[in-house]
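# Residue-level structural notes
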Amino acid sequence: MSGLPQSSVHMPMTYEDLALGMVATLTKAVTEEDIVKYAEISGDTNPVHLDEAYAATTMFKTRIAHGLLSAGYISAVFGTKLPGAGAIYVTQSFKFKAPVRIGDVVTAHVEITALNPEKKLATFRTQCLVGDKVVVDGEATLMVPGRT
């Protein structure tokens, strides 16, 4: 599998396993390497992410992580924890509320808020937090495979 680490994922859930209020989280410290790799992969080389001298002239006063790097942790929760492998994004909204800096510990949190059994869709409240501060807030809908 092209050098990617095998994940220690939970068994994927089927739509029938889901219930309102189910929650899952993932916590990750943001590193310099994460930001550089994200810039390389995405092509987003905005100097506010990569150039400390430039970032010092901005309202942030230091480099910040890409907003979608933090948002990507939400995707990781969906793909590895709740609901797990096989779930497919349908929609996602984000509101970026505060910057994330190198060394910040981000916790991605998802909670099931609605279920549509006819279409096997699950709606989630999605957030990323640094400590108690919400840095990304949003909502996602995923298509979740059923047992049959």
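One numbering rule holds for all chains: residues counted from 1, following each sequence as written. Only residues with pLDDT of at least 70 get local features here, since the model is predicted, and only at 80 or more are side-chain atom pairs given and counted; chain-wide, interface and lining totals rely on the full set of residues. Note that the side-chain values use all heavy atoms of the structure and ignore hydrogens as well as water.

## Points about the confidence of the model for the chain
Within the chain, residue pLDDT values average 93, and 93% of them lie at 70 or more. Overall, residues 1-9 carries pLDDT values under 50, and its contacts beyond four positions in sequence, including any with other chains, amount to two contacts. pLDDT gives the predictor's per-residue confidence on a scale running from 0 to 100. Any two residues having at least one pair of non-hydrogen atoms within 4.5 Å are treated as being in contact.

## Here's the deal with the environment of glycine 146
Here glycine 146 shows up in the segment after strand E5 (133-143). Separated by 133 residues in the primary sequence, glycine 146 and methionine 13 place their C-alpha atoms 8.6 Å from one another. If we ignore the near neighbours within four places in the chain, the residues touching glycine 146 are Thr14, Tyr15, Glu16 and Lys120. Think of it this way: any DSSP run of H or I at least four residues long counts as a helix, any run of E at least two long counts as a strand, and we number them from the N terminus.

## What about the sheet that holds strand E3 (residues 105-116)?
Picture the strands of a sheet paired through backbone hydrogen bonds; they go either parallel or antiparallel. The criterion for strand pairing is that DSSP finds at least two bridges linking the strands in question. One open sheet holds the five strands; their spatial order is E1-E3-E4-E5-E2, and the pairing between them is antiparallel. The open sheet terminates on both sides in strands that have one partner only, identified here as strand E1 (23-29) and strand E2 (88-96). Strand-to-strand twist in this sheet, taken as the mean axis angle between neighbours without regard to direction, amounts to 20 degrees. Alignment of E2 against E5, held across eight bridges, turns out to be antiparallel. Paired with phenylalanine 96 across the bridge in E5 is valine 136. To define axes, lines are fitted to C-alpha atoms, for helices over the stretch in contact only, and angles between the resulting N-to-C directions are given on a 0 to 180 degree scale.

## Notes on the side chain of aspartate 34
Its location among the elements puts aspartate 34 in helix H1 (residues 32-42). Under the scheme applied here, a residue whose accessible area is under 20% of the maximum for its type counts as buried, over 50% as exposed, and between as partly exposed, the area being computed with a 1.4 Å probe on protein chains only. Look at aspartate 34 and you get buried, because its relative accessible area is 17%. Within the structure, aspartate 34 has its side chain in polar contact with the side chain of lysine 28 (distance 2.7 Å). Contacts of aspartate 34, omitting those with residues within four sequence positions, involve Lys28, Ala29, Leu69 and Tyr73. Under the rule applied, a polar contact is a pair of N or O atoms within 3.5 Å (in protein, one hydrogen donor and one hydrogen acceptor; residues adjacent in sequence only if both atoms are side-chain atoms).

## A few points about the packing of aromatic side chains
Ring geometry is summarised as follows: Phe, Tyr and Trp rings, the Trp one being its six-membered ring, pair when their centres sit within 6.5 Å, and such pairs are stacked at plane angles under 30 degrees, edge-to-face over 60 and tilted between the two. All chains considered together, the criterion is met by three aromatic pairs. Each ring, one from phenylalanine 78 and one from tyrosine 89, has its centre 5.5 Å from the other, and the planes form 85 degrees; the classification is edge-to-face. Within this pair, whereas phenylalanine 78 is found in helix H4 (residues 67-80), its partner tyrosine 89 is found in strand E2, the two being separated by 11 residues in sequence. Overall, phenylalanine 78 belongs to the buried group, its relative accessible area being 3%. Grouping aromatic residues by their ring pairs yields a cluster made of Phe78, Tyr89 and Phe124.

## Structural notes on unusual backbone geometry
The bulk of non-glycine residues show a negative phi, and the bulk of peptide bonds are trans. Residue proline 83 is reached from leucine 82 by a cis peptide bond, and omega for that bond is 5 degrees. Relative to the helices and strands, proline 83 resides in the loop between H4 and E2. Phi at lysine 61 is positive, roughly 70 degrees, even though this residue is not glycine. With respect to the helices and strands, lysine 61 occurs in the loop between helix H3 (52-56) and H4. Positive phi values are uncommon outside glycine, yet lysine 120 reaches one of about 55 degrees. Tracing the backbone shows lysine 120 in the loop between E3 and strand E4 (121-130).

## Overview of the side chain of threonine 141
Relative to the elements of secondary structure, threonine 141 occurs in strand E5. Here threonine 141 is in contact with Ile88, Tyr89, Val90, Thr91, Leu121, Ala122 and Thr123, once residues within four sequence places are set aside.

## Re H4
Residue count minus one, scaled by 1.5 Å, sets the expected span of a helix. Spanning 14 residues, H4 covers 21 Å between terminal C-alpha atoms, matching the ideal 20 Å at 1.5 Å per step. Those residues of H4 lying buried are Leu69, Ser70, Ala71, Tyr73, Ile74, Val77 and Phe78. Buried residues in H4 make contact with E1, H1, E2, E3, E4 and E5.

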